[in-house]
Amino acid sequence: MTSSDHVSTLVLKTPGRASKASPSDVRRNNRSLIFSLLFPGSQYSRADLGRLTGLSRVAISDVVNSMLDDGLIRENGYETKTNGKGKRGTLLGIDPTRLRIITINLSNAHFIQGAVTDLLGNSLKQAEIALSVKKRVDIGTISNLIAKLAEGCEHIIGISIAAVGVVHDGVINRSTEFDWRNIDLETPLERQFKKPVIITNAVVCSMLTERFFGHAGPNMLFVEVDRGIGAATLLDDAVIIGENHAGGEIGHISVDPNGPKCPCGKRGCLEMLVSSPALRTRMRGALPDEQVSILTEAGGRLASALATPIGLLDMNDVCIYGPADIVNTAFLNAAQQYLDRTTTSTFRHHTVVRRCECGPNTTVRGAAIVMVRNLLER
Ligand SMILES: [Zn+2]
């Protein structure tokens, strides 16, 4: 058994399936449970899995065999017994060798990024399509990229798309970036490729990568600072989407009523004050000291918007994902100092602000995790 007893249960959360489980629900839940114990990098023997889940040997054997057949998990050699007694069990782990996922990232301004990944979200093949200056992106462009990625690829379990804006049921309800309103990506792409298609908010995708491959636990406030400002919340390993599927859309919350006018009609929205284009414009030609004070002000502003939700949710971990020239030490220190001043007290735990360091494929990798999660719920 590995030392990682802090096991994630994210993939097994299936809302609305709690009552009156049918045999197929039980089987699905058991698969999900075992997968989530192994994902991403744990290895357990059948006996370990029995102890951890409370399932009988017969049940474990049945579920494990079906998962081996489906290519979800594989046998990774024998465990090392410290006491030298008893039969050594075969270790089971996630199988990255068979099943493939196509992931598409629509959150970049100048290109669409695509990849074929394994079940752990590792990119095995990458491709991208540059967008014209007008940022034209349509379903045809996306489907060309998918076709290119799918060429010669076997065992594709689905297509997972990370998109900016409000996403619900395969439809991008609103994306100011691409000027989309109610664009259904799921139906035409499923029809064309005959595979399940899932569309998810890109910040949620990035947050899932931080959860499984970064340093986060089951609770975090994840904020993406780039062209736009978006946030995602993880509470007890559940992603909080919100009543109108717009949870985390904090870019147009006004933090300065006298600030610059925003295209949305208000003044001083976070996106006008803290987004990377806004800050880069202000820093252009400024002296190094002035640049530091611009980023210090920006870090404080962002923290001022986050202080209340941090207190409300009793959140210890704030993870910020963004370009290194913006989300740097000056920015993070200013955010930390603001939160120390405003949220810490004798009865309120210290909240840590830190940078997401999962690298350039954070969003694409998260899209793969979304597809894995979906696969287990089917
Ligand atoms: Zn606005």
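Each value, and the rule that gives it
Residues numbered from 1 in each chain as written. Predicted model: local features only at pLDDT ≥ 70, side-chain atom pairs only at ≥ 80, totals over all residues. Heavy atoms only, no water. Salt bridge = Lys/Arg side-chain N within 4 Å of Asp/Glu carboxyl O. Helix = DSSP H or I, 4+ residues; strand = E, 2+ residues; numbered from the N terminus. Buried < 20%, exposed > 50% of the residue type's maximum accessible area, 1.4 Å probe, protein only. Donors = N, O, S within 2.8 Å, 3.2 Å for Na, K, Ca; no water. Tetrahedral: all angles 85-135°; square planar, octahedral: opposite > 155°, others 65-115°. Axes fitted to C-alpha atoms, helices over the stretch in contact; angles between N-to-C directions. Parallel < 35°, antiparallel > 145°, perpendicular 65-115°, else oblique. Left-handed = near helix turned anticlockwise from the far one by under 90°. Contact = heavy atoms within 4.5 Å. Pairing = 2+ DSSP bridges.

Peer 1: Kindly report on the pattern of salt bridges, identifying the contributing residues and their values.
Peer 2: Tallying each qualifying case throughout the model produces 11 salt bridges. Of the charged contacts, one joins R46 and E75 as a salt bridge, the two residues approaching to 3.0 Å between their closest N and O atoms. Note that R46 is positioned in helix α2 (residues 46-53) and E75 in strand β1 (residues 73-78), a separation of 29 residues in sequence. Residue E75 is classed as partly exposed on the basis of its relative accessible area of 43%. A salt bridge links D237 to R211; its shortest N-O distance comes to 2.7 Å. Placement of D237 in the loop between β12 (229-235) and β13 (238-240) and of R211 in helix α6 (residues 202-213) is noted, with a sequence separation of 26 residues between them. Taken as a pair, D237 and R211 share a single burial class, namely buried. Among the charged side chains, a network of salt bridges with common partners joins E210, D317 and R354.

Peer 1: Can you break down the coordination of the zinc ion residue by residue, with the values?
Peer 2: Listed as protein donors to the zinc ion are H252 (ND1), C262 (SG), C264 (SG) and C269 (SG); their distances from the metal cover 2.1 to 2.3 Å. The coordination sphere of the zinc ion comprises four donor atoms, whose angles at the metal cover 98 to 121°; the geometry is tetrahedral. Residue H252 is classed as partly exposed on the basis of its relative accessible area, which comes to 30%.

Peer 1: Before we move on, could you go through the packing of helix α1 (residues 23-38) against α2 and cite the residues and values that matter?
Peer 2: Where α1 meets α2, the axes come as close as 11 Å, and the angle between the chain directions of the two elements is 110°. Of the possible angle classes, the one that applies to α1 and α2 is roughly perpendicular. Crossing angle aside, the handedness with which α1 passes α2 is right-handed. Residues L33, I34 and L37 of α1 form the contact with α2, whose own contacting residues are L49, L52 and T53.

Peer 1: Just give me the short version of the pairing of strand β11 (residues 220-225), but keep the residues and values in it.
Peer 2: Among the six residues that make up β11, six are buried, leaving the element largely enclosed by the rest of the structure. On β11, burial covers both faces: M220, F222 and E224 on one face and L221, V223 and V225 on the other are all buried. Where β11 folds back on β12, the antiparallel hairpin that results is connected by three residues. As paired elements, β11 and strand β14 (residues 317-321) share four bridges and run parallel to each other. Its bridge partner being in β14, E224 is matched across the sheet by Y321.

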